Amino acid sequence: MEALRQLPSVDVLLNEEAVLGLVADWGRETVASWCRAALDGLREDLRARSDPTPRASLVEELIVQVENRARHARNVALGPVVNATGVVLHTNLGRAPLADGAVAAMTRAAHYTNLEVDLESGKRSHRGSQLDDLWRGLTGAEASLIVNNCAAATVLALQALAMGREVVVSRGQLIEIGGSYRLPEIFRQSGAILREIGTTNRTHARDYENAITPNTAALLRVHPSNFRVMGFTEEVPIGEIVEIARRQQILAIDDIGSGCLLDLTPYGLRDEPTVGQSLARGADLVLFSGDKLLGGPQCGVLLGRAEIIQRISQCPLARAVRVDKLTLAALQGTLEIYRNGNPLQEIPVLRMLTQSADILRQRALKLTLELQEFSAFHCQAQPGMSAVGGGSLPMVELPTWVITVSHETWPAHQLAQYLRTGSPRLMARVENDLLILDPRTVLPHEESQLRAALGNLSK
Ligand SMILES: *Cc1c(COP(=O)(O)O)cnc(C)c1O
């Protein structure tokens, strides 16, 4: 009881110098709530303590508690993270980092912008129509619609084009993607009826033909973006699916997952269908994500014939999954680089994926040399592998050069946690109790931040 009376009030705690510093960053209300929580915790704790604690120590304890809460709040807040994992499309780190041109376009659109007005006529226009010419030039698509992500694009397309009717999908393509995307559940949400055909490893053209009834609305091809079926396998190419659909006067829809606009085969990235190929082979509708290999903002893109896009735009669900102006601006900025810039240099995802092992080796060696200044760490450059990530190109590992880091006392997982919550915040990989830094996903201007992240830990 005596000890409880020793506890300072919230107001007294708020005037401690260390706590006042936090008030400037977090506001008085927030810090006061941390003080109250710290006091509640300590009150509980004191009841169990047998020895009395001097008042000064109690205040110290409370300040540490409040500082811990501030640190936690800082760690939780959304903000920049240096990605040294080597996973280019790291879903948990926001997939594609945007190109400078895309960021600039977002900034320009942040205030008023011609989102839904045709400035020439002064009449209402539809959101996203600004991008129609860009898409046509880059992919040959007649019309486009942009929604929140590819999952939304799929639900919307199925609902608008096939509600209450059947859509045929090969069993080898009934995918699950992270974040609770499972195709059968997407179907259930849309109101379209899933008609599975073939087997896990083999589906033939006749399977599609035999499945079509008067109630069939479409054939859907789904690119297995995050897995591969190997060995005794057969898939029907989109061109043939299109022919079957044409003969039966139903639609051929192609969910290619990653919106790859360029052929990346010369860089060792095989098996990824490009948007242009799919449209050229006659798909009525092509769906993909904006933040995978396209290297743009999170969004779902629907490209296809004007009449089909029109039908989809009129579905009430389209309103619920429409994108905001910032996303559209970033997408426009990204597509402009494909049209009249140098995408392999300017789009970070493409620059990272096509960076040569030789350049990566030079970067790893240079960084290793610089990190040797921090004597608590032992750093070494060596060959390694990076992954594409984001459910793209699952079998592809790109040769890279990594820096392995060990600390004189901390185990690797501890070091990784300190780096995640340090300043600047940095994500690395841990393999065989070694911390691995892969320069592939570290943007050039972030190299100094990587040095700072380790430097701050060695103090
Ligand atoms: C990634 C992916 C999706 C889901 O895209 P989100 O933009 O994450 O919603 C759907 N289909 C395929 C084939 C994919 O690869």
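As shown above, the structure is provided for reference.
Just so it is clear, the structure is predicted and the values come from calculations on it, not from any experiment.

Peer 1: Looking at this structure, I do not really get the environment of C315. What am I missing?
Peer 2: Along the polypeptide, C315 turns up in the loop between helix 13 (306-313) and helix 14 (316-320). Looking at C315, the relative accessible area reads 11%, which means it is buried.

Peer 1: How should the sheet that holds strand 12 (residues 397-407) be read in this particular structure?
Peer 2: Note: strands within a sheet are paired through backbone hydrogen bonds, in either parallel or antiparallel orientation. Reading across from one edge, 11-12-15-14 is the order of the four strands in this open sheet, with antiparallel pairing throughout. The open sheet terminates on both sides in strands that have one partner only, identified here as strand 11 (377-387) and strand 14 (429-431). Along the sheet, successive strands turn relative to each other by an average axial angle of 40°, direction set aside. Where helix 18 (residues 357-371) meets the sheet, it contacts strand 11, strand 12 and strand 15 (434-437), and its direction lies at approximately 10° from that of strand 12.

Peer 1: Help me out: how do you make sense of the nonpolar core in this one?
Peer 2: Note on soluble globular proteins: their nonpolar side chains tend to be buried together. By size, the foremost hydrophobic cluster in this structure holds 57 residues, and its most contacted members are W135, L219 and V388. When residues of this core are assigned to their parent elements, the largest contribution, six residues, is made by helix 15 (residues 325-340). Those residues in contact with V388, other than ones at most four positions away along the chain, are V87, V88, L89, L269, L293, L353, L393, V396 and L398. Of all hydrophobic cores here, the second largest spans 36 residues; its members include Y181, L183, L285 and L287.

Peer 1: Help me out: how do you make sense of the pairing of strand 9 (residues 285-289) in this one?
Peer 2: Taken residue by residue, a regular strand's side chains alternate between the two faces of the sheet. Across the five residues that make up strand 9, a large majority, five, are buried. Here strand 9 shows no split at all, with L285, L287 and S289 on one side and V286 and F288 on the other all buried. For the segment spanning strand 8 (residues 251-258), helix 12 (residues 275-280) and strand 9, crossover handedness is right-handed. As paired strands, strand 9 and strand 10 (residues 300-304) are joined by five bridges and run antiparallel to one another. Each residue of the ladder has a partner; that of L285, found in strand 10, is G304.

Peer 1: Before we go on, may I ask you to explain the side chain of R221 in this structure?
Peer 2: Inspection of the secondary structure assignment puts R221 in strand 7 (residues 216-222). You can call R221 buried: its relative accessible area is 11%. There is a polar contact of 2.6 Å between the side chain of R221 and the side chain of D254. Beyond its immediate stretch of four places on either side in the chain, R221 contacts Q173, I238, I241, I253, D254, D255, I256 and P273.

Peer 1: Looking at this model, I keep getting lost on the site of the ligand. Mind explaining?
Peer 2: Lining the immediate environment of the ligand, one finds 14 residues, of which A151, S225, D255, S289 and K292 sit closest. Between C150 and the ligand, the recorded distance is 2.9 Å, taken from a backbone N or O atom to an oxygen atom. Contacts to the ligand include S225, whose side-chain N or O atom sits 2.4 Å from an oxygen atom. Alone, the ligand offers 380 Å² of accessible surface; in the complex the protein occludes 94% of this.

Cut-off values and rules
Residues numbered from 1 in each chain as written. Predicted model: local features only at pLDDT ≥ 70, side-chain atom pairs only at ≥ 80, totals over all residues. Heavy atoms only, no water. Helix = DSSP H or I, 4+ residues; strand = E, 2+ residues; numbered from the N terminus. Buried < 20%, exposed > 50% of the residue type's maximum accessible area, 1.4 Å probe, protein only. Pairing = 2+ DSSP bridges. Axes fitted to C-alpha atoms, helices over the stretch in contact; angles between N-to-C directions. Contact = heavy atoms within 4.5 Å. Core = buried A, V, L, I, M, F, W, Y, C linked by side-chain atoms within 4.5 Å. Right-handed = clockwise from strand over helix to strand, strands pointing away. Polar contact = N/O pair within 3.5 Å; in protein donor to acceptor, adjacent residues only side chain to side chain. Near = heavy atom within 4 Å. Areas by Shrake-Rupley, 256 points an atom, 1.4 Å probe, with all protein chains shown as cover.

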